[in-house]
Amino acid sequence: VLALYLERRASFVENLRGMFALAGFDFREAGRDMAPTRLLARDPFGITPLYVAQRGSCVVFGSELKAVLASGLVERDVDPAGLVDFLTHGFVIQPATMLRGVRALEPGTAELFRPGGGSTKTVFYQLPKSSSRRESLEDAASRVRHAIDESIRLHAFADAKVGAFLSGGIDSAIVA
C-alpha cells in the first residue's frame, strides 16, 4: 500500500480491492512546524467505518465513535438529526452520526487534509448504474460462478490450511 501511494499519490486508492479504512501521513512536504498531509480513505462499499471530526487544523478519526471520543477533542454532544435517524430507522443515515460535529467518511471516498487546514474530497468509486441484461440462465450462472471463484482465489491465502466460516448467510454457504 505504501509503495502504491508513493507511486500514485492520493489516487492509489483506485487500485485497492476489498474492505478498508485507512489513514496515511505524508511528511515530505511538511515544514518543521507543520502538520503532514493526511489522507483518509474508505472502501467502495463502506464495509469498514471511518469517523472524522475536524477542529481547526486538527483532524480526529477512528473506526469507532468511542475512539474519536477518546481523543478528548470531541464533545459528547448528541446530534439531534442522528438521534431522529436512529429512532426512526434503527440506524443513523451516513454521513451523519450520533455525535454533533462527527461524520462518517462516505464509501468510496478519499479525503486529503493539507497543512494549514484545507481539505479535498475525491469519490474514487461509485456503483455502476444497473442495466437489464438478456442472457441465459447458464450464462448468468457461469458469470456468478466466475465472480465467486475469483473472490475465493483473492482471499484464500494463508500459511496453513484454512476453513470456511458459516454465518448462516447465502454468501458463506456458497463459499463453503
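Residues numbered from 1 in each chain as written. Predicted model: local features only at pLDDT ≥ 70, side-chain atom pairs only at ≥ 80, totals over all residues. Heavy atoms only, no water.

> Is there a simple way to think about the sheet that holds strand 1 (residues 21-26) in this case?
The strand order across the open sheet built from four strands is 1-2-6-7, with neighbouring strands paired in antiparallel fashion. Only two strands of the sheet have a single neighbouring strand rather than two, namely strand 1 and strand 7 (119-123). Pairwise comparison of adjacent strand axes, ignoring direction, gives a mean angle of 15° for this sheet. Of the pairings in the sheet, the one linking strand 6 (residues 109-113) to strand 7 comprises five bridges and is antiparallel in character. Across the sheet, the residue bridging to Thr 109 is Val 123, located in strand 7. (Pairing = 2+ DSSP bridges. Helix = DSSP H or I, 4+ residues; strand = E, 2+ residues; numbered from the N terminus. Axes fitted to C-alpha atoms, helices over the stretch in contact; angles between N-to-C directions.)

> Where do I start with unusual backbone geometry in this structure?
Peptide bonds are mostly trans, and most non-glycine residues show a negative phi. Following Gln 94, the chain continues into Pro 95 via a peptide bond in cis, with omega recorded as 20°. Tracing the chain through its elements places Pro 95 in the loop between helix 3 (80-89) and strand 5 (103-104). Unusually for a residue other than glycine, Arg 9 sits at a positive phi of about 55°. Here Arg 9 lies in the loop between helix 1 (2-8) and strand 1. Here Arg 9 falls in the partly exposed class, since its relative accessible area comes to 38%. (Buried < 20%, exposed > 50% of the residue type's maximum accessible area, 1.4 Å probe, protein only.)

> How do you make sense of the pattern of salt bridges when you look at a structure like this?
Side chains bearing opposite charge may pair, as long as their charged atoms lie close to each other. This structure, assessed with the given rule, holds nine salt bridges. With its nearest N and O atoms 3.2 Å apart, the salt bridge here joins Glu 150 to Arg 17. Of the two residues, Glu 150 sits in helix 4 (residues 137-155) while Arg 17 sits in the loop between helix 1 and strand 1, which places them 133 residues apart along the sequence. Here Arg 143 ties to Glu 135 by a salt bridge, and the two come within 2.6 Å at their closest N and O atoms. Judged by relative accessible area, Glu 135 falls into the partly exposed class, the value being 32%. (Salt bridge = Lys/Arg side-chain N within 4 Å of Asp/Glu carboxyl O.)

> Got a minute to help me understand the sheet that holds strand 4 (residues 58-62) in this structure?
Paired through their backbone hydrogen bonds, the strands of a sheet run either parallel or antiparallel. Ordered in space as 4-3-5, the three strands form an open sheet in which the pairing is antiparallel. Strands with a single pairing partner mark the edges of an open sheet, and in this sheet they are strand 4 and strand 5. One ladder, built from five bridges, connects strand 3 (residues 51-55) with strand 4; its direction is antiparallel. When the bridges of strand 4 are listed, Val 52 appears paired with Phe 61.

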